[in-house]
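# Analysis of the macromolecular model
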Amino acid sequence: MQVVVTTDQEAAGEYAADIVQRRAEEGALHVLGVATGSSPLPVYEALERRALAAVRAARAFALDEYVGLPPGHPESYRSVIAREVTDRLGLDPARVEVPDGSVEGLRTAGARYEELIAAAGGVDVQILGIGTTGHIGFNEPTSSLASRTRVKTLTEQTRRDNARFFDSPDDVPRHCVTQGLGTILDAREIVLVAIGSRKAAAVAAAVEGPVTAMCPASVLQLHPRVTVVVDEAAAAELRLRAYYDEVFAHRPDWQV
Ligand code: F6R
């Protein structure tokens, strides 16, 4: 796992976009995995400025969706992805997928989503955020480290964290459909972005703690190609901070 500490969220977005751009230039970016929430927004803004043809031509898969929001609800992840990713990056909407969070489709939503990802050839670069509970996607603590796309129940903490996007905390759905931890680990490369002091404990647990379902993001330690891009505040609880800076300062030319 490589940890890159940047001065601020804009720099974090630029660094994560550098990774996506490098893969695009290598001809290795056909399927992009995209997260919602606020952390990846600087990445999408940076990619929008770069207007890369390979990104425009890519397929995209979202990580998760709330269950039961009416179609067209502005905070459904289908709407958020359309606004923040598809429009900004100039993707073809027909090539952007979000799990089916409709109540009628729930029984089969997970399996259908897994099939779609497999049929697309798998995810080349997965952008991730991290929740204060240590979740990635909406895999809350005690999620199976081998889980596949399925329905999950959000923790009260995550519902509180996400209440800022809704008129009232009670409006935040209790359930979601999320890629599993096993699904996320299948991506060829993963870039996790974390911004702000509220993420510091989760970042430290994910990077330096034991691999445990109590901190689902810690499963990323089992993946061979992960970059964790954080700002100073999110890096505050990392014990090996000096080492990460040294690794970064002496990174080989070919490495982004
Ligand atoms: C989003 C997602 C979540 C968020 C996480 C952090 O699709 O799956 O894991 O990345 O909740 O959210 P923000 O970035 O809003 O703090």
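This write-up is about the structure you can find in this document. Given the structure is predicted, the values throughout are model-derived calculations rather than measurements.

## Examining the site of the ligand
- By nearness alone, 14 residues border the ligand, and Ser-39, Asp-64, His-135, Gly-137 and Lys-199 come closest of all.
- For the ligand, an oxygen atom lies 2.7 Å from a polar atom in the side chain of Thr-36.
- His-135 places a side-chain nitrogen or oxygen 2.6 Å from an oxygen atom of the ligand.
- In isolation the ligand offers 410 Å² of accessible surface; the protein chains occlude 94% of this area.
- Here the shell around the ligand is built from residues that sort into 3 nonpolar, 8 polar and 3 charged.

## Observations concerning the state of the cysteines
- Summed over all chains, the structure comprises 0 disulfides.
- Free of any disulfide, Cys-176 has its nearest cysteine sulfur in Cys-215, 17 Å distant.

## With respect to unusual backbone geometry
- A positive phi angle, near 45°, is found at Ala-51, a position not held by glycine.
- Mapped onto the fold, Ala-51 is located in the loop between helix 2 (41-50) and helix 3 (53-56).
- One non-glycine residue, Thr-142, lies in positive phi territory at about 80°.
- For Thr-142, a relative accessible area of 56% translates into the label exposed.

## A word on the sheet that holds strand 9 (residues 189-194)
- A sheet is described by the order of its strands in space; here 7 strands give the open sequence 1-10-9-6-2-3-5, paired in parallel fashion. If you trace the sheet from one side to the other, it starts and ends with strand 1 (2-6) and strand 5 (96-97), each paired once.
- The pairing of strand 2 (residues 31-34) with strand 3 (residues 59-62) spans 4 bridges and is parallel. Its bridge partner lying in strand 3, Val-31 is registered against Arg-59.

## Examining the nonpolar core
- Ile-136 and Val-230 are the most contacted members of the largest nonpolar core, which has 65 residues in total.
- Here this core gets 7 residues from one element, more than from any other, and that element is helix 1 (residues 9-25).
- In contact with Val-230, not counting residues within four places along its chain, are Val-3, Val-4, Val-5, Thr-6, Ala-194, Val-203 and Ala-235.
- Ranked by size, the runner-up nonpolar core spans 10 residues in total, among them Tyr-77, Leu-154, Phe-166 and Val-172.

## Some details on the pattern of salt bridges
- Overall, the coordinates contain 19 salt bridges when judged by the stated rule.
- Among the ionic pairs, Glu-156 bridges to Arg-174, the shortest N-O distance being 3.3 Å. Of this pair, Glu-156 sits in helix 6 (residues 156-162) while Arg-174 sits in the loop between helix 6 and strand 8 (175-178); the two residues are 18 residues apart in sequence, bridging distant segments of the chain.
- Note on Glu-156: relative accessible area 44%, which makes it partly exposed.
- When its relative accessible area of 47% is taken as the criterion, Arg-174 is described as partly exposed.
- Shared partners join several salt bridges into a network, and the residues in it are Glu-14, Asp-18, Arg-49 and Arg-50.

## Description of the packing of helix 2 against helix 4 (residues 77-89)
- Axis separation between helix 2 and helix 4 bottoms out at 9 Å; the angle between their running directions is 15°. In terms of orientation, helix 2 lies roughly parallel with respect to helix 4. Both helix 2 and helix 4 take part in a crossing whose hand is left-handed. Taken together, the residues of helix 4 that come into contact with helix 2 (itself represented by Leu-41, Tyr-44, Glu-45, Leu-47 and Glu-48) are Glu-84, Val-85, Arg-88 and Leu-89.
- Its residues assigned to classes, the contact of helix 2 with helix 4 shows 5 nonpolar, no polar and 4 charged.

## Details of the side chain of Thr-178
- Mapping Thr-178 onto the fold places it in strand 8.
- There is a polar contact of 2.9 Å between the side chain of Thr-178 and the backbone nitrogen of Phe-138.
- Not counting chain neighbours up to four residues away, the residues in contact with Thr-178 comprise Leu-63, Asp-64, Gly-137, Phe-138, Asn-139, Arg-148, Thr-149, Arg-150 and Lys-152.

Reading the values: rules and limits
Counting from 1, residues in each chain are numbered in the order their sequence is written. For a predicted model such as this one, the threshold for reporting local features is a pLDDT of at least 70, and the threshold for listing and counting side-chain atom pairs is 80 or more; totals across whole chains, interfaces and linings nevertheless cover every residue. The side-chain quantities take in all heavy atoms of the structure and omit both hydrogens and water. Any residue with a heavy atom lying within 4 Å of a molecule or strand is counted as near it. Any N or O atom pair separated by 3.5 Å or less is treated as a polar contact, with the protein-specific requirement of one donor-capable and one acceptor-capable atom, and with residues adjacent in sequence counted only for side-chain atom pairs. Calculation of accessible area relied on Shrake-Rupley with a 1.4 Å probe; when residues are assessed, cover is drawn exclusively from the protein chains displayed. Think of it as three bins: nonpolar holds Ala, Val, Leu, Ile, Met, Phe, Trp, Tyr, Cys and Pro, charged holds Asp, Glu, Lys and Arg, and polar takes everything else, Gly as well. Note on disulfides: each one is a pair of cysteine sulfur atoms within 2.5 Å. Each helix is a run of DSSP H or I of at least 4 residues and each strand a run of E of at least 2, with the numbering of both proceeding from the N terminus. Classification of residues uses two cut-offs on accessible area relative to the type maximum, computed with a 1.4 Å probe and protein chains only: under 20% is buried, over 50% is exposed, and between them is partly exposed. Strand pairing follows a simple DSSP-based rule, namely that at least 2 bridges must link the two strands. Side-chain atoms within 4.5 Å are what join buried Ala, Val, Leu, Ile, Met, Phe, Trp, Tyr and Cys residues into a set we call a nonpolar core. Here a residue-residue contact requires only that any non-hydrogen atoms of the pair lie within 4.5 Å. Only one rule defines a salt bridge in this text: a Lys or Arg side-chain nitrogen within 4 Å of an Asp or Glu carboxyl oxygen. In this analysis an axis means a line fitted to C-alpha atoms, helices contributing only their contacting stretch, and an angle means the value between N-to-C directions, from 0 to 180 degrees. The scheme is simple: roughly parallel for angles under 35 degrees, roughly antiparallel for over 145, roughly perpendicular for 65 to 115, oblique for anything else. A crossing counts as left-handed when the near helix is turned anticlockwise from the far one by less than a right angle, and as right-handed when that turn is clockwise.

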